[in-house]
Amino acid sequence: MIAERGRMAWPLVAALAMVVTLGTACSVDGASHPDISARMVDAADFPAGLTPTTVVGPARAALVSDVVGDVQGGRVEPDSCAPTPLSSNPADSAAMVAQLSASSVLPGTLTVVTTRVSTPLSDLENQVGQCKSYVRTNAAGASSTVRQTIIDLAEPSIPGVSTLGIARTQTTGGSATGGQGESAVGVASKTYVAQRDGVRVYVVYRGVATTDAANAEPTQVASVSTPDLDALFVKAVSASFA
C-alpha cells in the first residue's frame, strides 16, 4: 500500500562508466529542469564496503528498463501487466549500481534509479495489485513468470512523498509454460519506490539466480530482512526530496 505523510492513506553491470554531470536539460515533459543527477544519492550513501558505479549510455537504458521489468523487443501477457517504460534520457534518469559480495548473506546487487515520470505512484500500485502473476517473453523468445506482491512501507518522514514496496520473483529456464517447472531457476527482488510530484526514486535489491527463488512466494521475499536496502532507501529519499 502506498504510504504518504499527511494522507490516509536486482544482472546488468557490464559496460558501466563513471560520470558526474550537472546543469539543465530538456526533460520528459519538454520543460527545462536541473539535471536529475543532482537528486541522486552519493556513492558514500551506499553500505560500507560497496563501490557503486554511475551507469551511463546504453547501459543506463538497459538498467532502467530492468528495474521496472520492461521487455524491450518482447511482450508481456496479459498486456495490461506490461510495465510503463521509464525514460533513459540523461535529463530524466540517473542510475547507480553496486555489486554485493558473493559471500554476503544476501548476494546480488543494489540499484538506485532517480527518474522523472508523468504518472502518479498510485498507477503503479494498482497495476501490481492487479497483476499478481504474468509472463514475460524477451526478444529472443525466452519466457519467464513474474509473481509479485505489495510490501507495506513505513510512512515517509518528508511531507508529500508517497512510497510503495514491491516483492517479486522471476522464474525462468524450466520445462513448463512460462519458464517454470523442472530445471527452473528464479531471481528474487525487493523494490522500494518513492515519489513526489514528477520525480520518482527506485531502490532495488536483486538477488542471484537460484532454484530456491524459483519456488519462493513473493510474500516470503517480502518478509526477508534487507537492512542495506532499507538504509539506502532512506538516504535516496532524502537526497531526492529533502
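Residues numbered from 1 in each chain as written. Predicted model: local features only at pLDDT ≥ 70, side-chain atom pairs only at ≥ 80, totals over all residues. Heavy atoms only, no water.

### Overview of the overall build of the protein chain
Here is step 1: Looking only at helices and strands, the protein chain features 5 helices and 12 strands.
Here is step 2: Taking all 242 residues of the protein chain together, 48% fall into the buried category.
Here is step 3: Here the protein chain displays about 11400 Å² of accessible surface, and carbon together with sulfur accounts for 54% of that area. (Helix = DSSP H or I, 4+ residues; strand = E, 2+ residues; numbered from the N terminus. Buried < 20%, exposed > 50% of the residue type's maximum accessible area, 1.4 Å probe, protein only. Areas by Shrake-Rupley, 256 points an atom, 1.4 Å probe, with all protein chains shown as cover.)

### Notes on the packing of aromatic side chains
Here is step 1: Taken as a whole and judged by the stated rule, the model has 1 aromatic pair.
Here is step 2: Measuring from ring centre to ring centre gives 5.3 Å for Tyr192 and Phe233, while their planes differ by 70 degrees; the resulting arrangement is edge-to-face. On the criterion of sequence distance, the pair formed by Tyr192 in strand 11 (residues 185-196) and Phe233 in helix 5 (residues 227-241) is long-range, its members being 41 residues apart.
Here is step 3: You can call Tyr192 buried: its relative accessible area is 6%.
Here is step 4: Among the residues examined, Phe233 registers a relative accessible area of 10% and is labelled buried. (Phe/Tyr/Trp six-rings, centres within 6.5 Å; stacked < 30°, edge-to-face > 60°.)

### What to know about the pattern of salt bridges
Here is step 1: All chains considered together, the criterion is met by 3 salt bridges.
Here is step 2: Taking the shortest distance from any N to any O, the salt bridge between Arg147 and Glu217 comes out at 3.2 Å. Here Arg147 is found in strand 9 (residues 143-151), whereas its partner Glu217 is found in the loop between helix 3 (211-215) and helix 4 (218-223), with 70 residues between them in sequence.
Here is step 3: Residue Glu217 is classed as partly exposed on the basis of its relative accessible area, which comes to 38%. (Salt bridge = Lys/Arg side-chain N within 4 Å of Asp/Glu carboxyl O.)

### Structural notes on the pairing of strand 6 (residues 93-100)
Here is step 1: Among the 8 residues in strand 6, 7 count as buried, and that is most of the element.
Here is step 2: Inspection of the sheet shows strand 4 (residues 53-55) paired to strand 6 by 3 bridges, in the antiparallel sense. Counterpart to Thr54 in the pairing with strand 6 is Met96.
Here is step 3: Here 8 bridges tie strand 6 to strand 7 (residues 108-116), and the two strands are oriented antiparallel to one another. (Pairing = 2+ DSSP bridges.)

### A closer look at helix 1 (residues 57-68)
Here is step 1: Taking 1.5 Å per residue, 12 residues should reach 16 Å; helix 1 reaches 18 Å between its end C-alpha atoms and fits that length.
Here is step 2: Listing the buried residues of helix 1 in full gives Ala59, Arg60, Leu63, Val64, Ser65, Val67 and Val68.
Here is step 3: Taken together, the buried residues of helix 1 touch strand 4, strand 6, strand 7, strand 10 (162-172) and strand 12 (199-207).
Here is step 4: Backbone geometry just downstream of helix 1 places Gly69 in the positive-phi region, at approximately 85 degrees. (Expected span 1.5 Å × (residues − 1). Contact = heavy atoms within 4.5 Å.)

### Here we look at the side chain of Arg206
Here is step 1: Secondary-structure assignment places Arg206 in strand 12.
Here is step 2: Look at Arg206 and you get buried, because its relative accessible area is 13%.
Here is step 3: Within the local environment of Arg206, its side chain forms a polar contact with the side chain of Asp66, the two groups lying 3.4 Å apart. (Polar contact = N/O pair within 3.5 Å; in protein donor to acceptor, adjacent residues only side chain to side chain.)

### Focus on the environment of Tyr134
Here is step 1: Structurally, Tyr134 is set in strand 8 (residues 133-137).
Here is step 2: In sequence terms Tyr134 and Val146 are 12 residues apart; their C-alpha atoms lie 5.4 Å from each other.
Here is step 3: Sequence-distant contacts of Tyr134, defined by excluding residues within four places in its chain, comprise Val76, Glu77, Pro78, Cys81, Ser144, Thr145, Val146 and Gln148.

### Remarks on the state of the cysteines
Here is step 1: Taken as a whole and assessed by the stated rule, the structure comprises 1 disulfide.
Here is step 2: The disulfide that involves Cys81 links it to Cys131, with 2.1 Å between the sulfurs. Taking the sign of the torsion about the S-S bond as the criterion, the disulfide between Cys81 and Cys131, at about -95 degrees, is left-handed. Of this pair, Cys81 sits in the loop between strand 5 (75-77) and strand 6 while Cys131 is found in the loop between helix 2 (121-130) and strand 8, placing the two residues 50 residues apart along the sequence.
Here is step 3: The class for Cys81 is buried, based on a relative accessible area of 5%. (Disulfide = S-S within 2.5 Å.)

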